[in-house]
Amino acid sequence: RPKGIDSSIRRRFKGTQALPRIGYGTSQKCKYRRPDGFYEFRVTCPKDLEILLMHNRKYAAVLAKNLSVRKRKAIVERAEQLNV
């Protein structure tokens, strides 16, 4: 929340940014959901893909950022085999 004495946003002048309020929140039904309708599931090893076998219509596998190239290739190959 802006606290400056001269802040035009705090004083709610026309044409300035809107302050965050309760009404701007995301509904619980679509919170954390990607635009394609899936929830993200972070994968760090090929064994994690087997968890997605039961939930592959609801969750999408997302590779973790700190993976090596060798492990990434193994995960992608396994995902194609499992059709996840």
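Summary of the structure given here. (Residues numbered from 1 in each chain as written. Predicted model: local features only at pLDDT ≥ 70, side-chain atom pairs only at ≥ 80, totals over all residues. Heavy atoms only, no water.)

Along its length, the protein carries one helix and two strands. Written out in order from the N terminus, the α and β elements of the protein read β-β-α. Counting across all 84 residues of the protein, residues that qualify as buried make up 15%. In the protein, the proportion of contacts linking residues at least 24 apart, taken out of those at least 6 apart, comes to 27%. Of the roughly 7400 Å² of accessible surface on the protein, 52% is carried by carbon and sulfur atoms. (Helix = DSSP H or I, 4+ residues; strand = E, 2+ residues; numbered from the N terminus. Buried < 20%, exposed > 50% of the residue type's maximum accessible area, 1.4 Å probe, protein only. Contact = heavy atoms within 4.5 Å. Areas by Shrake-Rupley, 256 points an atom, 1.4 Å probe, with all protein chains shown as cover.)

On the surface, R1, K3, R12 and R21 cluster together to form a positively charged patch. Residue placement: R12 occurs in the segment before strand 1 (39-43). On the accessibility criterion, R12 (54% relative accessible area) is exposed. (Patch = residues over 30% accessible without salt bridge, like charges linked within 9 Å, V, L, I, M, F, W, Y side chains within 5 Å. Salt bridge = Lys/Arg side-chain N within 4 Å of Asp/Glu carboxyl O. Lys, Arg positive; Asp, Glu negative; His and termini not counted. Charge placed at Lys NZ, Arg CZ, Asp CG, Glu CD.)

Right, let's get into the side chain of D48. Inspection of the secondary structure assignment puts D48 in the loop between strand 1 and strand 2 (59-63). Buried within the structure, D48 lacks any salt-bridge partner; K47 is the closest side chain of opposite charge, at an N-O distance of 8.1 Å. With sequence-adjacent residues up to four places away left out, D48 is seen in contact with F41, R42 and V43.

With that settled, the discussion passes to the nonpolar core. V43, L49, L52, A64, L67, I75, A79 and L82 together form the largest nonpolar core, which totals eight residues. At three residues, helix 1 (residues 69-82) tops the list of elements feeding residues into this core. Filtering out sequence-adjacent residues up to four positions away, I75 remains in contact with V43, T44, C45, P46, L49, L63 and L67. (Core = buried A, V, L, I, M, F, W, Y, C linked by side-chain atoms within 4.5 Å.)

Moving on: a nonpolar patch on the surface. A contiguous nonpolar surface patch, about 300 Å² in accessible area, is contributed by L53, M54 and V84. As for its placement among the helices and strands, V84 is situated in the segment after helix 1.

Bringing unusual backbone geometry into the picture now. Non-glycine residue R12 carries a positive phi angle of around 60 degrees. For N83, which is not a glycine, the phi torsion comes out positive at approximately 60 degrees. The residue N83 is located in the segment after helix 1 in this model.

Let us now look at the environment of R42. Tracing the backbone through its elements, the reader meets R42 in strand 1. R42 sits in the exposed class, given a relative accessible area of 58%. For the pair R42 and K65, spaced 23 residues apart in the sequence, the C-alpha separation amounts to 9.4 Å. If sequence neighbours within four positions are ignored, R42 has contacts with D48, V62 and A64.

So, to be careful, I would describe these as geometric facts and stop short of saying anything about function.
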